[in-house]
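A structural walkthrough
These are the residues of each chain, in order.
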Amino acid sequence: MRTTGEIVRGAEEARERVVTFDAVVVGTGAGGAPAAAELAAAGLSVAMLEEGDWQDADAFTASPRDMMPRLYRDGGQSVTIGDPPIVLPTGRAVGGTTLINSGTCFRTPSRILARWRDEFGLDELTDEALAPVFDDVEATIGVAEVPADLAGENAAIVRRGVEALGYSGGFLRRNARGCVGSGVCAFGCPAGAKQHTGVTFVPKAWAAGAVLFTGTRVRELAVRGDRIAEVVAATSGGGTLRVRADVVVLACGAIGTPLLLRRNGLATGSGQLGRNLSIHPASAARARMDHEVRMWEGVPQSYYVDEWADDGIMLEGIAAPPDQAAMATPRVGPELRELMLDVGRTATFGVMVTDEGRGAIHSVRGRPVLRYDLHPEDARRFQRGFARLAEIFFAAGAREVIVPITGVPTLTGGDIGPLERARVRPRDLHLMAFHPLGTARAGADPARSVVDGDLRVHGLRNLYVADGSVIPSSPGVNPQLTIMALATRAARRIARGRLAS
Ligand SMILES: Cc1cc2nc3c(=O)[nH]c(=O)nc-3n(C[C@H](O)[C@H](O)[C@H](O)COP(=O)(O)OP(=O)(O)OC[C@H]3O[C@@H](n4cnc5c(N)ncnc54)[C@H](O)[C@@H]3O)c2cc1C
Ligand code: SF4
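Being a predicted model, the structure only gives us computed values, none of them experimental.

Notes on the overall build of the protein
Helix and strand content of the protein: 12 helices and 20 strands. Expected size for 501 residues packed as a compact globule is a radius of gyration near 23 Å; at 22 Å, the protein falls within 12% of this value. Per-residue burial for the protein yields a buried fraction of 54% across its 501 residues. Taking all contacts inside the protein whose residues are at least 6 apart in sequence as the whole, residues at least 24 apart take part in 75%.

In structure tokens:
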């Protein structure tokens with residue numbers, strides 16, 4: 001397969017240009033790149049439009065300070081407004097957020113697919129129908145279980161605690177061929193091991209003749225009748241690109257896609273566009289051990305505990321280099337200094353909650369504004385999740401456990417009572433989120449959804465959405481595989497439909 005193909009760099013495009021393709025796909029993340037690869041493989045001429053730039057792994061320094069401004073939208077500082085405010089970073093580059101994600105791969109759980117069939121009429125989304133699609137996606141991005149020797153001592157501690165208490169857990173499956181456990185996945189993989197969509201599906205699309213336009217931000221979708229006649233983008237060099245295509249696929253992510261549609265007055269009929277935002281909020285606890293942990297060595301997200309998945313609680317590994325860990329430690333002043341002096345003997349692990357709360361996206365002067373309030377029941381889920389995690393840490397020999405909840409003291413001597421007795425309100429939690437979904441949700445009923453089961457925007461003949469915004473409710477697991485599979489399936493159906501017509 002070609003690893004590089006035709007790139008038209010927006011930075012070098014200062015004029016107006018008009019091009020014609022069979023299909024145009026906007027965004028090259030978890031949804032866009034697989035859709036482009038499928039459409040190209042089916043014989044369509046395809047243009048991939050991406051606001052970010054192509055990034056070479058050779059230039060990745062592993063330093064958060066260098067890499068975050070280059071690879072993240074707004075330097076990774078996007079925050080929701082609400083109770084509590086939550087940092088919600090996303091990627092902006094060829095590969096989208098998959099370039100800076102942790103590489104964890106879960107198929108959509110059966111109980112979630114059942115919910116989507118029952119609540120949203122997505123009758124064709126069955127385990128049987130999706131299994132071959134997942135097989136193909138996993139083969140393309142090289143999904144395999146993390147070997148124990150790469151998982152690091154941070155994961156080994158939690159594994160020991162889980163085994164001592166008899167809970168359900170295991171090593172995660174990831175898309176990282178040749179991973180060396182350098183621990184900096186969130187800042188671009190310097191080893192080039194992570195199989196993000198920019199180095200897997202984009203080359204697949206190239207091999208079938210697709211053209212990639214980088215530094216190209218779509219702003220306008222020109223409508224004629226019930227079709228999109230032209231997609232208009234601004235290039236970073238000050239030019240304009242006009243793309244005429246029979247098929248238009250939007251894959252700008254759960255924040256970018258609803259804003260683009262709304263800006264163009266499209267898909268607003270049901271009142272659902274930009275609403276139903278789920279974010280799968282997350283946070284991490286710290287444990288002080290008596291031995292050297294060096295949590296930044298090994299795969300940061302390599303182990304999970306799914307004992308309480310039915311209650312919407314997943315525990316997953318999270319670890320960071322010391323400078324990042326300092327920013328995320330919920331202590332200040334001399335206490336923070338003392339903790340950081342002992343950072344080599346500190347373990348961390350995350351709690352993620354399938355949220356009941358829902359947010360909404362608006363824009364003010366073209367900039368996204370995300371409103372999201374944590375549901376009180378989700379706050380109680382965090383409390384339960386951290387209580388179980390603290391037990392696991394103590395069973396593995398922790399001296400102290402620090403949970404990111406204001407008002408809960410450092411837990412010592414195996415006693416989780418102060419955490420269990422606390423009255424935890426949303427504002428007491430220190431949270432982040434990595435999985436925005438649902439803002440152009442799929443469903444059979446046009447009055448309750450934005451796209452149909454084939455991901456076509458209700459009421460428009462040639463406009464599709466293939467990214468996290470179509471996911472009807474939080475899958476309760478990391479979503480990249482779900483997004484890739486739904487995008488692949490939709491693109492196959494679009495291509496089949498064209499051949500049949
Ligand atoms: C730090 C971090 C770790 C994560 N870890 C995991 C993990 O381990 N496993 C997992 O399953 N998920 C993980 N995720 C989430 C996962 O990567 C995302 O859910 C997924 O990539 C979303 O796919 P998407 O196609 O919706 O959007 P994205 O992947 O974000 O792609 C959208 C693309 O569209 C481009 N774009 C936006 N607007 C425009 C426009 N107007 N014109 C042109 N281009 C545009 C963007 O630049 C971007 O490249 C993580 C996320 C983060 C932030
Ligand atoms: S642990 Fe290191 S080598 Fe492995 S995927 Fe992450 S950044 Fe790449």
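Thoughts on the pairing of strand 13 (residues 313-317)
Most of strand 13 sits out of view: five of its five residues are buried. Pairing of strand 12 (residues 303-305) with strand 13 involves two bridges; the strand directions are antiparallel. Bridge pairing links V305 to L315 in strand 13. Pairing between strand 13 and strand 14 (residues 346-353): five bridges, direction antiparallel. Across the sheet, G317 pairs through a bridge with F349, a residue of strand 14.

Considerations on the domain arrangement of the protein
In terms of domains, the protein is made up of domain 1 (7-57 + 94-142 + 191-273 + 438-500) and domain 2 (145-176 + 281-353 + 375-430). Each side of the interface is counted separately: domain 1 has 11 residues, and domain 2 has 11 residues. Of the residues in the side of domain 1 that touches domain 2, the class split is four nonpolar, six polar and one charged.

Description of the site of ligand 1
Around ligand 1 sit 42 residues, and of these G27, G29, G96, N478 and Q480 come closest. Those elements giving two or more residues to the shell around ligand 1 turn out to be strand 8 (216-224), helix 7 (253-263) and helix 12 (480-500). Per-element tally for the shell around ligand 1: the top contributor is helix 7, with four residues.

Quick word on the nonpolar core
Ranked by internal contacts, the top residues of the largest apolar core, which has 158 residues, are A36, V46 and A205. In terms of residue count, the dominant contributor to this core is helix 12 (10 residues). The residue makeup of this core includes at least three contributed by each of domain 1 (7-57 + 94-142 + 191-273 + 438-500) and domain 2 (145-176 + 281-353 + 375-430). Apart from residues lying up to four places away in sequence, A205 is in contact with A33, A36, A37, A40, V46, M48 and A210.

Remarks on the pairing of strand 10 (residues 240-250)
Examined bridge by bridge, strand 2 (residues 16-26) and strand 10 share 10 bridges and lie parallel to one another. Considered in strand 10, the bridge of V24 is made with V248. Examined bridge by bridge, strand 9 (residues 227-235) and strand 10 share four bridges and lie antiparallel to one another. Following the sheet pairing, V231 is matched in strand 10 by V243. Hairpin geometry of strand 9 and strand 10 is characterised by an intervening segment of four residues between the two adjacent antiparallel strands and by a positive phi of about 95° at G238. As defined by bridge partners, strand 10 adjoins strand 20 (residues 463-465) across three bridges and the pair is classed as parallel. Across the sheet, residue V248 finds its bridge partner in strand 20, namely L463.

What about the environment of Q195?
With respect to the helices, strands and loops of the structure, Q195 is situated in the loop between strand 6 (173-175) and helix 6 (201-207). Between the C-alpha atom of Q195 and that of T140, which follows or precedes it by 55 residues, the distance is 8.5 Å. Residue contacts for Q195: discarding those within four places in its chain leaves I141, G142, N175, A176, R177 and T200.

Some points on unusual backbone geometry
The omega torsion across D83 and P84 is -5°, close enough to zero to call that bond cis. Along the chain, P84 turns up in the loop between helix 2 (64-71) and helix 3 (110-120). Of note, R365 is a non-glycine position whose phi angle comes to about 50°, a positive value. Relative to the helices and strands, R365 resides in the loop between strand 15 (360-364) and strand 16 (367-371). R365 sits in the exposed class, given 5 other C-beta atoms within 10 Å.

The rules behind these values
- Residues numbered from 1 in each chain as written.
- Chains lettered and ligands numbered in written order.
- Predicted model: local features only at pLDDT ≥ 70, side-chain atom pairs only at ≥ 80, totals over all residues.
- Helix = DSSP H or I, 4+ residues; strand = E, 2+ residues; numbered from the N terminus.
- Rg over C-alpha atoms; globule rule 2.2 N^0.38 Å.
- Buried ≥ 20, exposed ≤ 12 C-beta atoms within 10 Å, placed from the backbone.
- Contact = placed C-beta atoms within 7 Å.
- Pairing = 2+ DSSP bridges.
- Domains from an automatic or database assignment.
- Nonpolar A, V, L, I, M, F, W, Y, C, P; charged D, E, K, R; others polar.
- Near = placed C-beta within 6 Å.
- Core = buried A, V, L, I, M, F, W, Y, C linked by C-beta atoms within 7 Å.

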